[in-house]
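Each chain, written out:
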Amino acid sequence: MTKIDTSRPETVLPTPSHTVGPFYGHALPFPGGGDIAPLGHPDTVALQGYVYDGEGNPLPDAFVELWGADPDGRVPQSDGSMRRDPSTGGFLGRNGVEFTGWGRVQTDANGHWSARTLRPGARGNSAPYLSVCVFARGLLVHLYTRIYLPGDEAALAADPLLERLDPARRATLIATDGPLGTYRFDIRLQGEGETVFLEFQ
């Protein structure tokens with residue numbers, strides 16, 4: 001966009017530049033944001049992956065928020081993911097006992113994210129999944145998707161959302177087994193292998 005100096009019509013001046021976010025690194029990250037599972041819980045699963053842009057480049061300034069049911073399929077009602085000291089305002093951390101089911105992690109300089117949570121139980125007719133919200137540069141509106149964990153092929157085959165997708169698209173919602181009992185789930189915002197994103201109305 002340009003600005004025209006009307007006193008000298010032949011002169012065209014550039015519009016001053018400005019910065020428009022994202023400013024996710026300010027106030028949104030919190031210590032232990034990915035430590036969703038209480039320490040030592042037997043149903044803990046570790047998830048990790050990368051967030052990629054449309055050209056396949058990792059994004060170092062994206063956020064991944066996770067929500068999940070507990071192992072019995074119940075949506076947690078406990079508060080406490082971001083407890084603060086009422087007198088100082090400092091961050092107290094999670095209490096290490098109650099499972100809130102929610103966490104927020106920022107990608108590192110290599111676009112990598114990781115979290116520890118509980119393996120979710122099934123709810124209704126759906127296979128067990130974690131809900132995901134992605135914030136990243138270039139997105140005016142955040143994106144929603146799901147992470148299904150492998151292991152119960154019958155439940156995955158009968159899931160109402162997954163059964164509506166062709167196999168290649170379905171694969172973008174299912175994590176893969178990683179080393180040492182971890183799962184990998186990469187998020188591709190555009191292009192080849194783009195993750196299936198959901199729209200809520």
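This write-up is about the structure you can find in this document. (Residues numbered from 1 in each chain as written. Predicted model: local features only at pLDDT ≥ 70, side-chain atom pairs only at ≥ 80, totals over all residues. Heavy atoms only, no water.)

### Quick look at the pattern of salt bridges
Pairing of side chains with opposite charge becomes possible as their charged atoms draw close.
Then step 1. Applying the stated criterion to the full structure yields six salt bridges.
Then step 2. The residue aspartate 35 makes a salt bridge to arginine 116 at a minimum N-O spacing of 3.6 Å. Here the residue aspartate 35 occupies a position in the loop between strand E2 (12-14) and strand E3 (44-52), and arginine 116 occupies one in strand E6 (residues 112-118), the gap between them amounting to 81 residues.
Then step 3. Its relative accessible area of 38% is what places aspartate 35 among the partly exposed residues.
Then step 4. We classify arginine 116 as partly exposed; its relative accessible area is 24%.
Then step 5. Between arginine 74 and aspartate 70 there is a salt bridge whose closest N-O contact spans 3.5 Å.
Then step 6. Exposure remark for aspartate 70: the relative accessible area of 12% places this residue in the buried category.
Then step 7. What you see here is one network of salt bridges that share partners, running through Asp70, Asp72 and Arg74. (Salt bridge = Lys/Arg side-chain N within 4 Å of Asp/Glu carboxyl O. Helix = DSSP H or I, 4+ residues; strand = E, 2+ residues; numbered from the N terminus. Buried < 20%, exposed > 50% of the residue type's maximum accessible area, 1.4 Å probe, protein only.)

### Some thoughts on the pairing of strand E4 (residues 63-68)
Then step 1. Burial analysis of E4 places five of its six residues in the buried class, the great majority of the element.
Then step 2. By the bridge criterion, five bridges tie E4 to strand E5 (residues 102-106) in an arrangement that is antiparallel. Of the residues in E5, the one forming a bridge with leucine 66 is glycine 103.
Then step 3. As defined by bridge partners, E4 adjoins strand E7 (residues 129-135) across six bridges and the pair is classed as antiparallel. From the neighbouring strand, leucine 66 faces E7, where its bridge partner is valine 132. (Pairing = 2+ DSSP bridges.)

### Topic: the packing of aromatic side chains
Then step 1. Using the criterion set out here, one finds three aromatic pairs in the structure.
Then step 2. Ring plane angle 25° and centroid distance 5.9 Å describe the contact between tyrosine 50 and tyrosine 52, whose orientation is recorded as stacked.
Then step 3. What makes tyrosine 52 buried here is its relative accessible area of 13%.
Then step 4. Look at tyrosine 144 and phenylalanine 200: their rings are 5.2 Å apart centre to centre, the planes differ by 85°, and that puts the pair in the edge-to-face class. Linking tyrosine 144 in strand E8 (residues 143-148) with phenylalanine 200 in the segment after strand E11 (187-188), this pair joins segments that are 56 residues apart in sequence.
Then step 5. In this structure, arginine 146 is placed above the aromatic ring of tyrosine 129, and the distance from its NZ or CZ to the ring centre is 3.9 Å. (Phe/Tyr/Trp six-rings, centres within 6.5 Å; stacked < 30°, edge-to-face > 60°. Lys NZ or Arg CZ within 6 Å of the ring centre and 35° of its normal.)

### A look at the side chain of threonine 117
Then step 1. Topologically, threonine 117 is positioned in strand E6.
Then step 2. Note on threonine 117: relative accessible area 2%, which makes it buried.
Then step 3. Setting aside its immediate chain neighbours within four residues, threonine 117 contacts Ile36, Ala37, Asp43, Thr44, Val45, Leu47, Phe99 and Leu130. (Contact = heavy atoms within 4.5 Å.)

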